[in-house]
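Listed below, chain by chain, are the residues.
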Amino acid sequence: LKNPKKMQLDNIQSLKVEINSPPWADEFREKGGIYEIINVINYHEQVKHKSAENGEIQSQLLQLLQQLITLRDSCLDYIVNTPRCIDLLTFSIGSPFPNVKLLVYSILSTVLLKRSEEGYKPVLNSFEFYAYRVQDVSKFSTMMNTLKHEEGEAMKRTLLEFINCLISTPEELDDRMEVRNELLRLGLENVMAELRDDE
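Residues numbered from 1 in each chain as written. Predicted model: local features only at pLDDT ≥ 70, side-chain atom pairs only at ≥ 80, totals over all residues. Heavy atoms only, no water.

Inspection of the secondary structure assignment puts Phe-162 in helix 10 (residues 153–168). For Phe-162, a relative accessible area of 0% gives the class buried. For the pair Phe-162 and Leu-108, spaced 54 residues apart in sequence, the C-alpha separation works out to 7.4 Å. Setting aside residues no more than four positions away along its own chain, Phe-162 makes contact with Tyr-105, Leu-108, Ser-109, Leu-112, Val-123, Phe-127 and Met-143. (Helix = DSSP H or I, 4+ residues; strand = E, 2+ residues; numbered from the N terminus. Buried < 20%, exposed > 50% of the residue type's maximum accessible area, 1.4 Å probe, protein only. Contact = heavy atoms within 4.5 Å.)

At their nearest, the axes of helix 2 (residues 22–30) and helix 5 (residues 73–80) sit 9 Å apart, and the two run at 20° to each other. Looking at the two axes, helix 2 sits roughly parallel to helix 5. The way helix 2 lies across helix 5 gives a crossing that is left-handed. Taken together, the residues of helix 5 that come into contact with helix 2 (itself represented by Ala-25, Asp-26 and Arg-29) are Ser-74, Cys-75 and Tyr-78. Classifying every residue of the contact of helix 2 with helix 5 gives 3 nonpolar, 1 polar and 2 charged. (Axes fitted to C-alpha atoms, helices over the stretch in contact; angles between N-to-C directions. Parallel < 35°, antiparallel > 145°, perpendicular 65-115°, else oblique. Left-handed = near helix turned anticlockwise from the far one by under 90°. Nonpolar A, V, L, I, M, F, W, Y, C, P; charged D, E, K, R; others polar.)

Quick look at the packing of helix 4 (residues 52–71) against helix 5 now. Viewed as axis vectors pointing N to C, helix 4 and helix 5 meet at an angle of 115°, and their least axial separation amounts to 5 Å. Together, Leu-65, Leu-68, Ile-69 and Leu-71 of helix 4 and Asp-73, Cys-75, Leu-76 and Ile-79 of helix 5 make up the contact between the two elements. Looking at the contact of helix 4 with helix 5 residue by residue, the classes come out as 7 nonpolar, no polar and 1 charged.

Quick look at the structure:
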C-alpha cells in the first residue's frame, strides 16, 4: 500500500480475505492502513488518462474500506477524526466511473448517519474544498449534476440518501435550511419532480 503504483487487484483480494479478522483489522488501522487505502484511491483519481483498471482498483479498495468500517467502529472513527481522509475520498465524486462515485457517497452517508456530530463539518468542508479545486459554483454542483444526468437507480437512490443525511444531520435549523436552500437553487425540486414522474 505504501507504493500506489504497485497496487494490483490480486493484492486487494488478499486484503479482503485478511480483513475479516477483527484483530487483524485493528492492527491494520493502527499501522496506518486505512489512510494508505484512501491515499491509493486518490492516487488513481489523479491519473489524467484513466483506464478501466484504475476504476476497478478504486472500486475494490472502496469496497474494502466499507468492509473495515462495517467490521470495526474504530475504523469509522479513524476516518471521521482524520479530515484529510474525508477530503481525499471526496476528490472522487467527480470520477468517470459510476461505481466509484456510488461507493464514495455510500461511505460518506455512513459517516453522517453513524457519526453525525463529529462527521458533519468534515464532510461539508471537504465538499467546499473540492468545489474550490475544480472551480464549481457551489459545493454541491458536482453532486447535483450527477443526480441529474447519471443513469441507474442505485446511483440516484444513494445520492438521495446522502442528500437526506446532509439536510437532516445539523442540529441547528438555520444550518439545515442553508443546505436545503443551496440544493434547491441547484434544481433539487425539479429533479425530485422528474423522479416522481418516472415512478
